[in-house]
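Understanding the architecture of this molecule
Residue strings, one per chain:
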Amino acid sequence: MIELTERQGKILDIVRKHQPITGERIAEILDVTRAALRPDLAVLTMSGYLEAKPRVGYTIKSEGGQGAIKKILCQYRVKDVKSMPVVIKDVSSIYDAIVTLFTEDAGTIYVTDRDGYLAGVVSRKDFLKTTLGHIDIYKVPVSVIMTRMPNIIVTTPDETVIEAVKKIVEHEIDSLPVVKKYIDENGDEKLEVVGRITKTNIARLLLDLANQKREG
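In this report, we go over the structure that sits alongside the text. (Residues numbered from 1 in each chain as written. Predicted model: local features only at pLDDT ≥ 70, side-chain atom pairs only at ≥ 80, totals over all residues. Heavy atoms only, no water.)

Residue placement: N201 occurs in helix α9 (residues 199-215). Once you skip the residues sitting within four places of it in the chain, N201 turns out to touch V81, S83 and R196. (Helix = DSSP H or I, 4+ residues; strand = E, 2+ residues; numbered from the N terminus. Contact = heavy atoms within 4.5 Å.)

Burial of strand β4 (residues 108-112) is extensive: five of the five residues sit out of reach of the surface. The alternating pattern of β4 places T108, Y110 and T112 and I109 and V111 on opposite faces, both of which are buried. When strand β3 (residues 87-89) meets β4, the two strands line up parallel, connected through three bridges. Within β4, the position partnered with K89 by the bridge is T112. Traced from β3 through helix α6 (residues 94-103) to β4, the parallel crossover comes out right-handed. (Buried < 20%, exposed > 50% of the residue type's maximum accessible area, 1.4 Å probe, protein only. Pairing = 2+ DSSP bridges. Right-handed = clockwise from strand over helix to strand, strands pointing away.)

This paragraph deals with the pattern of salt bridges. In this structure the tally under the stated criterion is nine salt bridges. Residues K10 and E6 are paired through a salt bridge, measuring 3.6 Å at the closest nitrogen-oxygen approach. Taken together, the residues K10 and E6, both in helix α1 (residues 6-18) and four residues apart, mark about one turn of the helix. On the accessibility criterion, K10 (42% relative accessible area) is partly exposed. Overall, E6 belongs to the exposed group, its relative accessible area being 64%. One salt bridge connects R25 with E28, and the closest N-O pair in it is separated by 3.0 Å. Of this pair, R25 and E28 both sit in helix α2 (residues 23-30), three residues apart, roughly one helical turn. Looking at E28, the relative accessible area reads 54%, which means it is exposed. (Salt bridge = Lys/Arg side-chain N within 4 Å of Asp/Glu carboxyl O.)

This next bit is on the packing of α2 against helix α3 (residues 34-46). Relative orientation of the contacting elements α2 and α3 amounts to 110 degrees, with a least axis distance of 9 Å. With respect to α3, the axis of α2 lies roughly perpendicular. In terms of crossing hand, the pair formed by α2 and α3 is right-handed. Packed against α2, whose contacting residues are G23, E24, I26, A27 and L30, the element α3 presents R34, L37 and L41 at the interface. (Axes fitted to C-alpha atoms, helices over the stretch in contact; angles between N-to-C directions. Parallel < 35°, antiparallel > 145°, perpendicular 65-115°, else oblique. Left-handed = near helix turned anticlockwise from the far one by under 90°.)

On to the sheet that holds strand β6 (residues 147-148), then. Within the open sheet, the four strands sit side by side as β3-β4-β5-β6. Their pairing is mixed. The outermost strands of the open sheet, each flanked by one partner alone, are β3 and β6. Contacts from α6 reach β3 and β4, with the element oriented near 135 degrees to β4. Packing of helix α7 (residues 124-131) onto the sheet brings it into contact with β4 and β5 (118-123), and relative to β5 it is tilted by some 70 degrees.

Within this structure, the stated rule accounts for one aromatic pair. Ring plane angle 25 degrees and centroid distance 4.6 Å describe the contact between Y95 and Y138, whose orientation is recorded as stacked. Here the residue Y95 occupies a position in helix α6, and Y138 occupies one in the loop between α7 and β6, the gap between them amounting to 43 residues. Here Y95 falls in the partly exposed class, since its relative accessible area comes to 34%. Owing to a relative accessible area of 56%, Y138 belongs among the exposed residues under this scheme. Its end group placed over the ring of F102, R124 keeps NZ or CZ at 5.1 Å from the ring centre. (Phe/Tyr/Trp six-rings, centres within 6.5 Å; stacked < 30°, edge-to-face > 60°. Lys NZ or Arg CZ within 6 Å of the ring centre and 35° of its normal.)

To continue, consider the packing of α3 against helix α8 (residues 161-171). When two helices pack together, their arrangement is given by the angle between the helix axes and by the axis-to-axis distance. At a closest axis distance of 9 Å, the pairing of α3 and α8 adopts a crossing angle of 155 degrees. The angle between α3 and α8 places the two elements in the roughly antiparallel class. Once α3 is placed against α8, the crossing between them reads as right-handed. Here P39, D40, A42, V43 and M46 of α3 lie close against α8, whose contacting residues are I162, V165, K166, V169 and E170.

Interpretation in functional terms is not warranted from these geometric data alone.
This is the structure we're talking about:
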């Protein structure tokens, strides 16, 4: 089961005492912004701890957090829903990376070094900023504009879908590279990209689960 943070535990206590309660009121009690609470509320709702009712507020799920959605999603691992990654070498030009992005219809490209390990990530937003500037996209390598390790949020094949969703929501990103970790002869950690998990993967899983329930 998902391990709750200290703030998520406080949110559950507040909802138990004051339900139904709006997100704005919860933020006031915790003395934080509504935006800061959004990831926690999303995780608690998707995990089955809370129920969000439009124009009413948040309430505790009658199952006490052990709702059907939570039970089902906690059975799924990233390896069950991941898709193929879109990967390009760090020496490739920005132009080649943009072509790859649109050819593969991807929102994010993962950049690997000469040994094939994860070196960076580049998104549509990065490309937009670049093309609006004065960089020669035909000559400059994509490594110049990518986000580099260790500033990349990753997931692993055995991580739960719930934990992956939590990372996507908290960091406000579109996808996570799915990696296998290795230690080289120098004791450094290397990450092999074996897949990706996106918002689309999550939506497709929820749709499949909804269809299964309807058919059942």
